[in-house]
Amino acid sequence: MFWRKFEERLFNLLIRVATLIIVGCLFIIVLTILVKGFPAMSWDMVSRIPSGGFYLGKEGGVLNAIIGSLYLGLGASIFSLVLSIPIVVYINIYSRSTSRFAQFIRISLDILYGIPSIVYGAFGFVLMIAFGLKVSLLAGIITVGLLVLPIMARTMDEVIRTIPKELGDASLSLGATKWETAMKVIMRQAFPGVLTAILLGFGRAVGDAASVIFTTGFTDNIPTSVLQPAATLPLAIFFQLGSPIKEVVDRAYASSLILTVIILIISISSRLLFKRFNKNVIK
Amino acid sequence: MKTSTSTSFKNNFPLSLQETEVAEEKVIPLGGLKPHISVRNLNISYGSQRILKNVSIDIPNKKITAIIGPSGCGKTTLLKTFNRLIESADGINIDGEVLVDGENIYGNDVEVTHIRKKMGLLSQRPMPLPMSIFDNIAYGMRIHGIRKKALLQEKVEHYLRQASLWEEVKDRLHHPATKLSIGQQQRLCLARGLAVEPEIILGDEPTSALDPISSQRIEEKFVELKKDYTVIMVTHILRQARRIADYIIFMWLGEIVEHGPAQELLENPKEEMTREYVKGVIS
């Protein structure tokens, strides 16, 4: 009896400690970024590209990296979405969800999910050479798109797998084709989940540094074509943090703040959209 | 499937009835009734398990046919062969013919959507599509090419009225269908099925999830609808079959034991097993 009570208490304590660590980490990260980044924040930071003495602590901002990251995140998300939808529709609606082929695709995606992003960067670099592509936004979009693909596809897949088979049957029995059923019924039911998947993908795309070093490169200018290199916020943070000049290091925290705010805005707006689209979903 | 009752009855009844009899002979003429669906030598197996064994049956036109029998006897499987929904199950083997209006729906060049359009399906649990009440009804019409808004509106009202739901929902046509009560949802599903102008209504225990009053309304609808439609319903409620069925098919372990006009079968069953089932000795 004593032992069982002890067990119960111990586990209770473990839960509390674990929760505290998680919430504490979040709190400290946000606090660090705010405390260190906020003083270095200025209108210039978000409205100007680096000029002459930016990397020596003089004027300029990281607009190049903000725009670059948004372009890259958007491009990679769209690229990945265009590839993910056919995959999940195929394995859940055209073939049976439990078939061997579907399981094979799932395992493949899970393995891809585990590959470190620097390997994607190297792979992207090999692809670029094979296709004669230079360091550019396009090369980055393709590489990061592939990096994001397993996250997006598997998240959507898990959402669609929870949808009762009878819902698809209801649509099919009205004489709808599989494609109509997939796009007009299943995807609609899965829409809140698909939105979450896109958000997760976008967050990963905007935040990844290793895969863009060799593929997207870095530039002080805002790209005007997908064939030009582009700056990204994670790389901007990386370069600024490595600087011996204090003002530049502070700007790294300001850049982190900007990146965090971007992700926050997307996160919140997706929640709002989720609510808006969730009302028709069958529970 | 193998409950204690079914095992004990296995001893009393041969597993395969009238094994020596040729399948064709089991089809008793409908007594002047015109068949709408004719099943010939239908065998369905799932892996090594045989679900339907040599089923041959005629379903009378514009009557209510009830398929009764203990659970696991293949009632639902038989129903799902009529609109080919059975195909979507993994590893299913279908052998035999199902003729709807004289056309073998398992023929090589038969368009499955065209077969399904002929039949409306009511499932055990009502499955509204994840959209508004209006769009639920309009969905089927839209995929079959009706685009004009005025026409859609007119038809949506017509079919909602036909399912006795119009008065309850006319002020909230654009609300999510999931907000309706479960009984209303089932009538919505009926209206949705009627909207694609089928000839046949299939019901897979359509009242099993409903309260008594909602069940009664569905039953009344079925009686009304048989003027224009052939109604086929699977039910495990004998009293329901007694109340509304014109024709009854009694199944046991994947075979048709007996079928005939409702009154005749219920009051004067020819087979010992039917008698036991009707008396409530087996269920």
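Residues numbered from 1 in each chain as written. Chains lettered and ligands numbered in written order. Predicted model: local features only at pLDDT ≥ 70, side-chain atom pairs only at ≥ 80, totals over all residues.

## Topic: the packing of helix H4 (residues 100-114) of chain A against helix H6 (residues 137-161) of chain A
The description of two packed helices rests on the angle between their axes and on the distance between the axes. Residues and elements named next belong to chain A. Where H4 meets H6, the closest approach of the two axes is 9 Å, and the angle between their N-to-C directions is 135°. In terms of their interaxial angle, H4 and H6 are classed as oblique. Seen along the crossing, H4 lies across H6 with a hand that is left-handed. On H6, the residues touching Arg106, Leu109, Asp110, Leu112 and Tyr113 of H4 are Pro150, Ile151, Ala153, Arg154 and Asp157. (Axes fitted to C-alpha atoms, helices over the stretch in contact; angles between N-to-C directions. Helix = DSSP H or I, 4+ residues; strand = E, 2+ residues; numbered from the N terminus. Parallel < 35°, antiparallel > 145°, perpendicular 65-115°, else oblique. Left-handed = near helix turned anticlockwise from the far one by under 90°. Contact = placed C-beta atoms within 7 Å.)

## So, the packing of helix H9 (residues 233-241) of chain A against helix H10 (residues 246-278) of chain A
Residues and elements named next belong to chain A. Between H9 and H10, the least distance of the axes is 8 Å, while the angle of their chain directions is 160°. Here H9 lies roughly antiparallel to H10, going by the angle between them. Classified by chirality, the crossing of H10 by H9 is left-handed. Contacts between H9 and H10 pair Leu233, Ala236, Ile237, Gln240 and Leu241 from the former with Val248, Val249, Arg251, Ala252, Ser255, Ser256, Ile258 and Leu259 from the latter. For the contact of H9 with H10, a count of residues per class yields nine nonpolar, three polar and one charged. (Nonpolar A, V, L, I, M, F, W, Y, C, P; charged D, E, K, R; others polar.)

## A few points about the environment of Ala209(B)
Relative to the helices and strands, Ala209(B) resides in the loop between strand E7 (200-204) and helix H8 (212-225). Here Ala209(B) is in contact with Gln124(B), Arg125(B), Pro126(B) and Ile182(B), once residues within four sequence places are set aside.

## As for the interface of chain B and chain A
Each partner contributes residues to the interface: chain B has 24 residues there, and chain A has 23 residues. Residue composition of the side of chain B that touches chain A, grouped by class: 12 nonpolar, seven polar and five charged.

## A few points about the domain arrangement of chain A
All names here are of chain A. Annotation of chain A at the domain level lists domain 1 (2-37) and domain 2 (54-278). Put simply, the middle of domain 1 and the middle of domain 2, counted by C-alpha atoms, are 30 Å apart. Considering only residue class, the side of domain 1 that touches domain 2 consists of two nonpolar, one polar and one charged. (Domains from an automatic or database assignment.)

## What to know about helix H11 (residues 272-279) of chain B
Residue and element names in this part refer to chain B. Thr274, Tyr277 and Val278 are the residues of H11 that are buried. Looking down the long axis of H11, one finds its buried residues gathered within 95° of arc, a one-sided arrangement. Along H11, exposed side chains directed more than 90 degrees from the buried face belong to Glu272 and Lys279. Buried residues in H11 make contact with helix H9 (238-244), strand E9 (247-252), strand E10 (255-261) and helix H10 (262-267). Looking one or two residues beyond H11, the residue adopting positive phi is Gly280, at roughly 95°. (Buried ≥ 20, exposed ≤ 12 C-beta atoms within 10 Å, placed from the backbone. Arc of directions from axis to C-beta.)

## Some remarks on the sheet that holds strand E8 (residues 230-234) of chain B
Residues and elements named next belong to chain B. Taken together, six strands build an open sheet; the order of strands is E6-E7-E8-E3-E9-E10 and the sheet is mixed. Edge positions in the open sheet fall to strand E6 (119-122) and E10, since each of these has one partner strand only. Each strand axis lies, on average, 15° off the axis of its neighbour in the sheet, ignoring direction. Relative to E8, strand E3 (residues 64-68) is paired through four bridges, and the arrangement is parallel. Its bridge partner being in E8, Ala66 is matched across the sheet by Met233. The strands touched by helix H7 (residues 182-194) within the sheet are E6 and E7, with E6 carrying the most contacts at an inclination of about 170°. (Pairing = 2+ DSSP bridges.)

## Points about the sheet that holds strand E4 (residues 92-100) of chain B
Residue and element names in this part refer to chain B. In space, the four strands of this open sheet follow the order E2-E1-E4-E5, with antiparallel pairing throughout. Each end of this open sheet is capped by a strand with a single partner; those strands are strand E2 (49-60) and strand E5 (103-104). Where strand E1 (residues 35-46) and E2 come together, eight bridges link them in antiparallel fashion. Paired with Val39 across the strands is Ile57, a residue of E2.

## Focus on the environment of Asp157(A)
In this structure, Asp157(A) sits in helix H6. Measuring from C-alpha to C-alpha, the distance between Asp157(A) and Ser84(A) comes to 9.2 Å, with 73 residues separating the pair along the chain.

## Concerning the domain arrangement of chain B
Segmentation of chain B into domains returns domain 1 (4-118 + 199-279) and domain 2 (129-197). Counting residues per element, the side of domain 1 of chain B that touches domain 2 of chain B draws most heavily on H8(B), at four residues.

## Quick look at the nonpolar core
Grouped together as the largest cluster of nonpolar side chains are 138 residues, with contacts concentrated most on Met152(A), Met156(A), Ile67(B), Ala191(B), Ile232(B) and Ile248(B). Looking at which element gives the most residues to this core, the answer is H6(A), with 16 residues. If near-sequence neighbours (up to four positions away) are discounted, Met156(A) is found in contact with Ser84(A), Val88(A), Ala190(A), Gly193(A), Val194(A) and Ala197(A). (Core = buried A, V, L, I, M, F, W, Y, C linked by C-beta atoms within 7 Å.)

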